[in-house]
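What follows is the residue order along each chain.
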Amino acid sequence: MLELFVEGLSAVLNVKSILLILSGVALGLIFGSIPGLTATMGMAIVLPMTFGMSPMEGMALLMGLYIGGISGGMVPAILLKLPGTPSSIATTFDGYPMAQKGQAGQAFGYAIVFSFLGGLLSIVILMLLAPPLAQVALQFGPYEYFAVTVFALTMISSLAGDSLVKGMLSGLLGMTMALVGSAPIDAFPRFTFGYDALDAGFNLLPVLIGLFAVSEMIRVSEQKIGQGQSVRHTMKGFGFTLRDFFKQGRNWFRSSLFGTGIGILPGIGAGTANIIAYVTAKNKSKHPQEFGKGTPDGVVASESANNAAVGGALVPLISLGIPGDTVTALLLGGLMIHGLTPGPLLFENNGDIVYGIFIALIIANFAMIAFLYWGMRWFTRVLSIPQYILLPVILVLCVVGAIGVNNRIFDAGALLFFGLLGYIMIKFRFPIAPVILGFILGPLLETNLRRGLMYSQGDFTPFFTEPIAATFLALALISVVVKVSNIFRNKNKSGPKGINTGV
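Residue numbering note: each chain is counted from 1, following its sequence as written. In keeping with the model being predicted, local features are shown solely for residues with a pLDDT of at least 70 and side-chain atom pairs are shown and tallied solely at 80 or more, while totals for entire chains, interfaces and linings include all residues. Hydrogens are left out, water is left out, and the side-chain values use all remaining heavy atoms of the structure.

Student: I'd love a proper account of the side chain of S88, names of residues and values included.
Tutor: Numbering of helices and strands starts at the N terminus; helices are DSSP runs of H or I of at least 4 residues and strands are runs of E of at least 2. Looking at the secondary structure, you find S88 in the loop between α5 (74-80) and α6 (91-100). In protein, a polar contact means a hydrogen-donor-capable atom and an acceptor-capable atom, both N or O and within 3.5 Å, with residues adjacent in sequence counting only if both atoms are side-chain atoms; elsewhere, any N or O pair within 3.5 Å suffices. A distance of 3.5 Å separates the side chain of S88 from the backbone oxygen of G73, its partner in a polar contact. The contact rule is simple, with two residues in contact once any of their heavy atoms fall within 4.5 Å. In contact with S88, other than residues within four places in its own chain, are I70, G73, M74, A77, P83, N274, E303 and N306.

Student: Give a detailed account of unusual backbone geometry, specifying residues and quantitative values.
Tutor: Phi angles above zero are rare outside glycine, and F191 is one such case at about 55°. Examined against the element boundaries, F191 turns out to sit in the loop between β2 (189-190) and α10 (204-221). Three labels apply to residues, based on accessible area from a 1.4 Å probe with only protein chains included: buried if under 20% of the type maximum, exposed if over 50%, partly exposed otherwise in between. Taking the relative accessible area as the measure of exposure, F191 reaches 47% and is therefore partly exposed. Look at Q457: it is not a glycine, yet its phi comes out positive at around 55°.

Student: Talk me through a nonpolar patch on the surface; I want residue IDs and the actual numbers.
Tutor: On the surface, a cluster of nonpolar side chains totalling about 420 Å² of accessible area is made up of I385, Y388, I389, V393 and L397. Tracing the backbone shows I385 in the loop between α17 (351-379) and α18 (387-406). For I385, a relative accessible area of 32% corresponds to the partly exposed category. Any residue with relative accessible area above 30% and no salt bridge may belong to a patch, with like charges joined within 9 Å and the nonpolar Val, Leu, Ile, Met, Phe, Trp and Tyr side chains within 5 Å. What sets the accessible areas is the Shrake-Rupley method with a 1.4 Å probe; for residues, cover comes only from the shown protein chains. We define a salt bridge as a side-chain nitrogen of Lys or Arg found within 4 Å of a carboxyl oxygen belonging to Asp or Glu.

Student: Quick one: what's the story with the packing of aromatic side chains, residue by residue and with numbers?
Tutor: Aromatic rings from Phe, Tyr and Trp, taking only the six-membered ring of Trp, are treated as a pair when their centres fall within 6.5 Å; an angle between ring planes under 30 degrees marks them as stacked, one over 60 as edge-to-face, and anything in between as tilted. On inspection of all chains with the given rule, the structure shows 20 aromatic pairs. Here Y110 and F240 contribute two aromatic rings whose centre-to-centre distance is 4.4 Å and whose plane-to-plane angle is 20°, an arrangement assigned as stacked. One end of the pair, Y110, is in helix α7 (residues 104-138); the other, F240, is in the loop between α10 and α11 (242-247), and 130 residues separate them in sequence. Residues Y110 and F240 agree in their burial class; the two are buried. A ring pair is formed by F146 and F463, whose centres lie 5.0 Å apart and whose planes are at 70°; its orientation type is edge-to-face. Here F146 is found in helix α8 (residues 142-153), whereas its partner F463 is found in helix α21 (residues 461-465), with 317 residues between them in sequence. Each residue in the set Y110, F114, F240, F245 and F246 is aromatic and connected to the rest through ring pairs, giving one cluster. Here K166 stacks its cationic end above the ring of F430, 5.3 Å away from the centre of that ring. Distance and angle both matter: a charge sits over a ring if NZ of Lys or CZ of Arg is within 6 Å of the ring centre and within 35 degrees of the ring normal.

Student: How would you sum up the confidence of the model for the protein? Please name residues and give values.
Tutor: Looking at the protein as a whole, its pLDDT mean stands at 81, while 88% of the residues score no less than 70. Per-residue confidence from the predictor is reported as pLDDT, which spans 0 to 100. Per-element confidence in the protein ranges from a low mean pLDDT of 72 for helix α16 (residues 344-349) to a high of 91 for helix α19 (residues 410-427). With pLDDT under 50 throughout, residues 496-503 is counted as low confidence; its partners more than four residues away or in other chains account for 30 contacts.

Student: Describe the environment of G339, listing the residues and the values that go with them.
Tutor: Mapping G339 onto the fold places it in the loop between α15 (326-337) and α16. Residues G339 and P55, spaced 284 residues apart in sequence, show a C-alpha to C-alpha distance of 8.0 Å.

Student: Give me helix α9 (residues 164-179): which residues, what numbers.
Tutor: With 16 residues, α9 should cover 22 Å at 1.5 Å per step; its first-to-last C-alpha distance of 23 Å lies within 8% of that length. Here α9 has its buried residues at G167, S170, G171, G174, M177 and A178. For α9, the angular spread of the buried residues around the axis is 120°, confining them to a single face. Buried residues belonging to α9 abut α19 and α20 (433-455). What a helix should span is 1.5 Å times the count of its residues minus one. It is the directions from the helix axis to the C-beta atoms that the arc portrays.

Student: Mind laying out helix α4 (residues 55-72), listing which residues take part and the relevant values?
Tutor: The end-to-end C-alpha distance of α4 is 26 Å, a good match for the 26 Å that 18 residues give at a rise of 1.5 Å each. Taking burial as the measure, the 18 residues of α4 include 17 buried ones, the bulk of the element.

Student: Which residues make up the nonpolar core, and what values go with them?
Tutor: The tendency in soluble globular proteins is for nonpolar side chains to be buried side by side. Ranked by internal contacts, the top residues of the largest apolar core, which has 73 residues, are Y66 and L314. Nonpolar cores were defined as sets of buried Ala, Val, Leu, Ile, Met, Phe, Trp, Tyr and Cys residues, with membership established by side-chain atoms within 4.5 Å. Grouped together as the second largest cluster of nonpolar side chains are 62 residues, L82, M177, A178 and M425 included.

Student: Now, about the side chain of T192: what can you tell me, with residues and values included?
Tutor: Residue position: T192 is located in the loop between β2 and α10. On the basis of relative accessible area, T192 is assigned to the buried category, the value being 10%. With sequence-adjacent residues up to four places away left out, T192 is seen in contact with G181, L198 and D199.

Student: Provide a residue-level description of the packing of α10 against α19, including the pertinent values.
Tutor: Axis lines are fitted to C-alpha atoms, over the contacting stretch for helices. Their N-to-C directions set the angle, which ranges from 0 to 180 degrees. Two elements in contact, α10 and α19, have axes whose closest approach is 7 Å; the angle formed by their N-to-C orientations is 55°. Taken as axis vectors, α10 and α19 run oblique relative to one another. Crossing geometry of α10 relative to α19 is assigned as right-handed. Here P206, V207, I209, G210, L211, V214, S215, I218 and R219 of α10 lie close against α19, whose contacting residues are D411, A414, L415, F418, G419, L420, L421, G422, Y423 and I426. Throughout, the ten residues Ala, Val, Leu, Ile, Met, Phe, Trp, Tyr, Cys and Pro are labelled nonpolar, Asp, Glu, Lys and Arg are labelled charged, and all others, Gly among them, are labelled polar. Looking at the contact of α10 with α19 residue by residue, the classes come out as 13 nonpolar, four polar and two charged. Orientation categories follow fixed angle ranges, with anything under 35 degrees roughly parallel, anything over 145 roughly antiparallel, 65 to 115 roughly perpendicular, and all other angles oblique. Left-handed describes a crossing whose near helix is turned anticlockwise from the far helix by less than a right angle; the clockwise case is right-handed.

Student: Residues and numbers for the pattern of salt bridges, please.
Tutor: Per the counting criterion, the structure on display carries five salt bridges. Residue K16 pairs with E57 through a salt bridge whose shortest N-O separation is 3.5 Å. Separated by 41 residues along the polypeptide, K16 in helix α2 (residues 15-33) and E57 in helix α4 bring together distant segments of the chain. Among the residues examined, E57 registers a relative accessible area of 15% and is labelled buried. In this structure, R450 engages D186 in a salt bridge whose closest nitrogen and oxygen atoms are separated by 3.0 Å. With R450 in helix α20 and D186 in the loop between β1 (181-182) and β2, this pair connects stretches of sequence that are 264 residues apart. Judged by relative accessible area, R450 falls into the partly exposed class, the value being 24%. The exposure class assigned to D186 is partly exposed, which follows from its relative accessible area of 46%. What emerges from the salt-bridge pattern is a single network uniting D186, R190, E446 and R450.

Here you go:
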């Protein structure tokens, strides 16, 4: 292993490869920070540019772009309550309130440092444990995925805000919206009402941006338009003390492990990992009432998990050739274009390239923290732009990003529809976050339920008798029982306990 590490090091440590990594990170940060331009889109655009490069140079560029694309989402999430990528959804819950309190620089400091550490931990895990972890992931079939999804759905109770009933209704609304379009197994059209554009259903990005960003713009525009905040960047270092740093140690470690673990499971990805890590951090916190109002704990949990999911998603890709999310699916194409076949033989036949990829990821992480630290003082100045200029520019970017996903005007209409829906939900004090969780997890639940029933020929028994599936279903049941018992225990106490995720 040490010999391969040295070979990988010599393959990457040259001026051209390092410049490609830095360029990839810079491009990724741009794609991640502009709503609608995700890391997936950046990867699709840049991939053809690697055709003329050597395998190591091509991978260096793509790895830099991957790290930058995931990290860049924190910028609009903190400043504008607008998740640049699905992996930054939970960052808006506390990052934006911190920015509203004049602590945008501090929020960036926490997000940047713990994104870096989360990514670094997952890369170390990737280097040491990739083959055995991939074998564990292979044990997951439809029964296990169904059980994991049910367990993840119980997190809605912690995102419900002041009313559990409203939270559950919001989650069901998200799952219902995910039903629109072709069914996942047999492609039977559902709830399309004869309108062809609905056959493909709603894309996640217009739904996400509409609910979080457009609804917020409508809410702000009904008030007197502000002139922007007076921003003075006089923050020292990253904006927190060494004691504050160590206080986040347990939160960071737990959230990074969640991100890595969920990233390993194909099809779930960082979009779910950051929400689950956030909810877990809130449930484990001694002051859960501060979540949603601008606590650094929420920012640390979300950003640690989404960057840790990068290393996790690469585990099944490199070890077995199974992509963990859409970005790694494009990376799989990039590897094969350069004559590299992912799987166990990749370590034997191209060990220098594999370890070169690991080292490129580490360098990209260092580049990410340097770029974001340098840019932090400029990002916060966005808040000083008058809102009558800022809001229309953001709306145009949102519309362009929504259309760019599938190159269809329908998505712009969907963006405005979900913006109005989000605004109505805010007015009637319904939480928005459960809608997104239901929308993401609903198709996973349905697909794996139907696949499982096809395997068992209509028998539900294996969902409860397979050991891994039974464990996760038991955990889901325990989670619900604990939540209900807490509600009864605290029913006489005054003051909200849940996070206010959209009100």
